[in-house]
Amino acid sequence: MEEKNYSIDPVTEELARKAEKEGVETLWDRKKAMKTPCGFGEQGLCCRICAMGPCRISPTEGKGAQRGICGATADVIVARNLARMIAGGLATHSDHGRDIAHVLHMASRDGNYKITDEKKLLNLAAEWKIQTENRDIYDIAHEVAEVALNEFGKPFGALKLLERAPEQRKQVWEKNQIIPGAIDKEIVTIMHSTHIGCCANAEDLIYKGMKGSLADGWGGSMIGTELSDILFGVPVPRETEANLGVLEEDQVNIIVHGHEPSLSEMIVLAVEDPELLQLAKEVGAKGINLAGMCCTSNEVTMRHGIKIAGNFAQQELAIITGAVEAVIVDVQCIFPALAPLAKCYHTKFITTSPKAKITGATHIEFEEEKALASAKQIVKEAILNFKNRNKEKVFIPQAKSPAMVGYSVEAIKNQLDRVVNSNIDEIGTLKPLADCIVSGVLRGAAGIVGCNNPKIKHDYGHIELMKELIKNDIIIVTTGCAAQAAAKAGLMSKEARKFAGKGLERVCELVDIPPVLHMGSCVDISRILLLVSELAQLLQVDMSALPVVGAAPEWMSEKAVSIGTYVVTSGIDTWLGVVPPVTGSATVVDLLTNKAEDIVGAKFYVEPDPRKAAQQMIERIEEKREALGLSL
Ligand code: SF4
Ligand code: MSK
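Here, residues in each chain are numbered from 1, in the same order as that chain's written sequence. Going through the entries in the order they are written, you letter the chains from A and number the ligands from 1. Residue-level local features of this predicted model are given only where pLDDT is at least 70; pairs of side-chain atoms are given and counted only at 80 or more, and the full residue set underlies all totals for whole chains, interfaces and linings.

Attention shifts here to the site of ligand 2. Around ligand 2, 13 residues are found, and the nearest of them are Cys295, Cys333, Cys451, Gly480 and Cys481. Class assignment for the residues of the shell around ligand 2 results in 8 nonpolar, 4 polar and 1 charged. For the domain bounds, the source is a domain assignment made automatically or taken from a database. Two domains each donate at least three residues to the shell around ligand 2, and these are domain 3 (244-393) and domain 4 (404-628). Here, nearness means that the C-beta atom of a residue, built from backbone geometry, sits within 6 Å of the molecule or strand in question. Think of it as three bins: nonpolar holds Ala, Val, Leu, Ile, Met, Phe, Trp, Tyr, Cys and Pro, charged holds Asp, Glu, Lys and Arg, and polar takes everything else, Gly as well.

Spelled out as structure tokens, the structure:
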């Protein structure tokens, strides 16, 4: 059999071969069938914003069409397309945040959704100047939810959570007039400005994109994370296992896939229901085995240690094991391909969100008002499907890796308290981490996030980059599908400290952490923003001055474009492993990879080779150290 060579993960390779043997296609087959991608689209030079077009601008200056029918230049078309991608990502993360705010608004003592972390709720209420004395905790929660919901549509004022940024950073945003107002307004403004015949200035469009992206990272995403922690608990370190080897031959296997914890939290409760466990036994299974995929997996592993089945590129492979009774999905990053694929096996592919119905799937609407009952109904469907499993088609790879997950900012501080001896002022702070960076024991930190993309060998971009950086004493925080790649590759086990440089290895030993810290799902990149913001405030510098970098080695989604933009706009240099569709405009490329540094103190780098990217990141970190006068 031909060596597939799609992935550095042997489990993925094994299952890709099984797919081939069974004549079912995967994303890699469809990528191959796509042949050469459209050169215009690849460079961002195709515009179909109005019906006079589509217009395609020649990539060669002075040759072929240089303007669209309306007269839009390549610069304008590329910038408009990019701004719309940011608006797409911003809308997606923020709608997630809004849904969680609605769930908080319906939380009650005797309902399905309850307050799990009162302290975090009270802190947020205090931050938002909400009266807390002599009030019922649920009344406070409902008012917090209302204030959060108001952030989406308020007619006046800046987003509240931006206040958490260091003063220097807020001044940068103010100077450039990119402080966002209501979240929905920022999306609408981008859509309006990018309409035919509206904004035709590439630079201004990029500013609008930056402003909008801040409404994602410091707005919708941060609301999503904060309120999820209040409802479902602030993650704490816990053990889990990762990769498709977590599936069990003799149990009902259920995969939760998508993003919002309001569904998956209820599924976690439902699979523990005694009646459903009994039903599983009656259909001949030894139990119910729940595992996660993509960011839903990150949410439930961070809070419950639910096993990680795999990341984005592995979603089809879960079904191809032949051992999965149901894939239950809500929103985002779900391949429509799962519907026809599930029909080749016995798997039930169940959609639950009115926002993401998929032709060919079984749609069972998840009703938040009767959340647990809905979740139980969905789990029951999976159990009843166990009898349809075709044993001859089952192949569960053996490999899985142990991983430590659950490193919220609160949890990181808690771990750091282990090295604080007596100074009460330093307890519960990031001071020990700042000290390690100042002394040079740690050279810096990197946030590595994002998806899988068949343009890059699966997981290779993430893992090579992580290995190089930890070897050079750079601690890593990670989220999303990058985090799952790290978990599968064993970089989140405490033993992984042996791959780290001497300084990082010592810190890992003392603080009892792995060198790569799982900080959650894509919306939880807001945790990384807060971590960097707090470090900057401790050292009394802007975020852009810190020896801290970001990377999305295998990004693919509009959400990733929004994330990359808010990370850069927050002052953190960001490396992309996949070239974004902007190369058709030298002006836009120059803005993003050069001028952005003068505007917001950070810029994008594009480097598909993770080893080269690591070297560039190390150099940049050392430059920042030198500029800060930190030990060399
Ligand atoms: Fe063509 Fe202009 Fe219409 Fe775009 S907006 S399709 S460039 S005419
Ligand atoms: S799930 S956005 S593939 S990280 Fe958040 Fe993974 Fe990227 Fe989706």
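A few words now on the site of ligand 1. Residues in close proximity to ligand 1 total 14 residues, the closest being Cys47, Gly53, Cys55, Gly68 and Cys70. The class makeup of the residues in the shell around ligand 1 is 11 nonpolar, 2 polar and 1 charged.

Taken together, 6 strands build an open sheet; the order of strands is β13-β12-β11-β14-β15-β16 and the sheet is parallel. Taken across any chain shown, the strands that pair with only one partner, and hence form the sheet edges, are β13 (516-520) and β16 (604-606). Between one strand axis and the next, the sheet turns through 25° on average, direction left out of account. One bridge is not enough; two strands pair if DSSP finds at least two bridges between them. Helix numbers and strand numbers start at the N terminus; a helix is a DSSP run of H or I with at least 4 residues, a strand a run of E with at least 2. When strand β15 (residues 573-576) meets β16, the two strands line up parallel, connected through 3 bridges. Note that in β16 the partner of Thr574 across the bridge is Phe604. Convention adopted: a line fitted to C-alpha atoms gives each axis, helices being fitted over their contacting stretch, and angles between N-to-C directions are expressed from 0 to 180 degrees.

A few words now on the environment of Asp250. Summarising the element assignment, Asp250 is placed in the loop between β3 (238-242) and β4 (252-257). Along the backbone, Asp250 and Glu623 are 373 residues apart, and their C-alpha atoms lie at a distance of 55 Å. The contact criterion used is a C-beta to C-beta distance within 7 Å, with each C-beta placed from the backbone. Not counting residues within four places of it along the chain, the set of residues in contact with Asp250 comprises Ala285 and Lys286.

The domain architecture assigned to the protein consists of domain 1 (10-56), domain 2 (74-232), domain 3 (244-393) and domain 4 (404-628). If you average the C-alpha positions of domain 1 and of domain 2, the two centres end up 33 Å apart. Contacts between the two partners involve 5 residues from domain 1 and, on the opposite side, 9 residues from domain 2. Residue composition of the side of domain 1 that touches domain 2, grouped by class: 4 nonpolar, 1 polar and no charged.

The subject of this paragraph is helix α24 (residues 610-628). Spanning 19 residues, α24 covers 27 Å between terminal C-alpha atoms, matching the ideal 27 Å at 1.5 Å per step. Considered for burial, the residues of α24 that qualify are Pro610, Ala613, Ala614, Met617, Ile618, Ile621 and Lys624. Buried residues along α24 cover an arc of 140° about the axis, so they all sit on one side. α24 presents Arg611, Glu619, Glu623, Glu626 and Ala627 as exposed residues on the side facing more than 90 degrees away from its buried surface. Where α24 is buried, its residues touch β11 (444-448), α18 (460-471), β12 (474-479), β14 (548-552) and β15. Phi turns positive one or two residues past the end of α24, at Gly629, with a value near 75°. An expected span of 1.5 Å times one less than the residue number is assigned to each helix. Any residue whose C-beta has 12 or fewer other C-beta atoms within 10 Å is treated as exposed, any with 20 or more as buried, and any in between as partly exposed, C-beta atoms being built from the backbone. Our arc is simply the arc of the directions from the helix axis toward the C-beta atoms.

This next bit is on the environment of Lys400. Along the chain, Lys400 turns up in the loop between α15 (371-384) and β10 (401-405). Spatially, the C-alpha atoms of Lys400 and Thr116 are 31 Å apart, while their sequence positions differ by 284 residues.

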